[in-house]
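Understanding the architecture of this molecule
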Protein chains: 2
Amino acid sequence: MLILELSHAECVEVLSRATIGRLACARDGQPYVVPITLSFDGTASLYSFSTVGRKVEWMRDNPKVCVEVDDIADRFHWTSLVVIGTYEELRDSPEDRDELRRAFELLQQHSLWWLPGAGTVGTGRRQTAPVVYRIRIATVTGRRAARSSPP
Amino acid sequence: MLILELSHAECVEVLSRATIGRLACARDGQPYVVPITLSFDGTASLYSFSTVGRKVEWMRDNPKVCVEVDDIADRFHWTSLVVIGTYEELRDSPEDRDELRRAFELLQQHSLWWLPGAGTVGTGRRQTAPVVYRIRIATVTGRRAARSSPP
């Protein structure tokens, strides 16, 4: 089996289809990783949302994040992307209003208002509004498996 | 939709079935997350392997890790576990020999010697032996979605 690096265009294509990723943040050297829903703007940012909890508190303290997106079918068919980026919370302020609207539009395309990121353990009562955030992409790299001929 | 905490017994059950997780490590405040194959020993450790690369170098520097295991079918059916633990590399030494044998046995049960963790980008030539490691579990928590009756 060969493992091939994806081109930037291939990474963009994979990100454009992605709706779920795993987001890692870190505090005091301790990483923390959870699944998130996400939407890629086609150029430079991922958008997502969350209720306030450990990951939002940690990302407010340390905005360095990593998002992994993959598609693992079997040993010969898998793709995995790693995005390194920066967490930026979008607030209901005049400066962020356009970005917030853009985030809502992107996230609504995938009807994503339901996944673990939005949830808090509880009784199903109405929850407070989620935090909407952008991850500015610094780098994205990807690999995929490919079958090789016998040596 | 309700989101429920899993009991410890439920977490153990989910880990026992898991073959893929997402491993996060961190260096200088920068998290990094990649998919790994894994095998749970039923009590206190996950076992996995990797070629030497960024994540092994980072975990040798900072053994604090986090592993996320999930099963996301749709909005009403998902489970997600978060394991916090410590990276311990198993070397071919008299002290680690029994543990290495145990790791091989566990990993071979799943026929896992193929996933991204074992791969390096290249031409398919024979690679150097992978690093085998154990993650000692400090805590494991889990959540699952459950449908709720209308309020």
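Residues numbered from 1 in each chain as written. Chains lettered and ligands numbered in written order. Predicted model: local features only at pLDDT ≥ 70, side-chain atom pairs only at ≥ 80, totals over all residues.

Some words on the overall build of chain A
Looking only at helices and strands, one finds three helices and eight strands in chain A. The helix and strand sequence of chain A, counted from the amino end, reads β-α-β-β-β-β-α-β-β-α-β. The buried share among the 151 residues of chain A stands at 41%. (Helix = DSSP H or I, 4+ residues; strand = E, 2+ residues; numbered from the N terminus. Buried ≥ 20, exposed ≤ 12 C-beta atoms within 10 Å, placed from the backbone.)

Some thoughts on the nonpolar core
Formed by 68 residues in total, the largest nonpolar core has its most connected members in A:Ala24 and B:Ala24. When near neighbours in sequence (up to four residues on either side) are disregarded, B:Ala24 contacts A:Ala24, A:Pro31, A:Tyr32, A:Val33, B:Pro31, B:Tyr32, B:Val33, B:Val65 and B:Cys66. (Core = buried A, V, L, I, M, F, W, Y, C linked by C-beta atoms within 7 Å. Contact = placed C-beta atoms within 7 Å.)

Here we look at the pairing of strand β7 (residues 77–90) of chain B
Residue and element names in this part refer to chain B. Looking at chain direction, strand β6 (residues 64–74) and β7 are connected through 10 bridges and run antiparallel. Paired with Asp70 across the two strands is Ser80, which belongs to β7. Between the end of β6 and the start of β7, which pair antiparallel, lie two residues. (Pairing = 2+ DSSP bridges.)

Notes on helix α1 (residues 8–17) of chain A
Residue and element names in this part refer to chain A. What α1 keeps buried is the set Cys11, Val14 and Leu15. Each buried residue of α1 lies within a common arc of 100° when the element is viewed along its axis, so the set occupies one face. Opposite its buried face, α1 presents the exposed residues Ala9, Ser16 and Arg17, each directed more than 90 degrees away. Buried-residue contacts for α1 involve β4 (39–40), β6 (64–74), β7 (77–90) and β8 (131–146). (Arc of directions from axis to C-beta.)

Section: the pairing of strand β2 (residues 20–27) of chain A
Residue and element names in this part refer to chain A. Most of β2 is tucked away, with six of its eight residues classed as buried. Looking at chain direction, β2 and strand β3 (residues 30–37) are connected through eight bridges and run antiparallel. Counterpart to Leu23 in the pairing with β3 is Val34. A loop of two residues connects β2 with β3, the two strands running antiparallel in sequence, and Asp28 in this loop sits at a positive phi of about 50°. Relative to β6, β2 is paired through three bridges, and the arrangement is antiparallel. Counted as the bridge partner of Ala24 is Cys66 from β6.

Quick notes on the environment of A:Val14
Along the chain, the position of A:Val14 falls in helix α1. Each residue touching A:Val14, except ones within four places of it in the same chain, is listed here: A:Val69, A:Thr79, A:Leu81 and A:Gly142.

Topic: the environment of A:Phe104
Relative to the assigned elements, A:Phe104 resides in helix α3 (residues 97–109). A:Phe104 sits 65 residues away from A:Ser39 along the chain, and the two C-alpha atoms are 9.7 Å apart.

Structural notes on the confidence of the model for chain A
All names here are of chain A. Per-residue pLDDT for chain A has a mean of 87; in total, 85% of the residues score no lower than 70. When the elements of chain A are averaged for pLDDT, α3 gives the smallest value, 87, and β2 the largest, 97. If you check the scores for this complex, the pTM reads 0.88 and the ipTM reads 0.88. (pLDDT = per-residue confidence, 0-100.)

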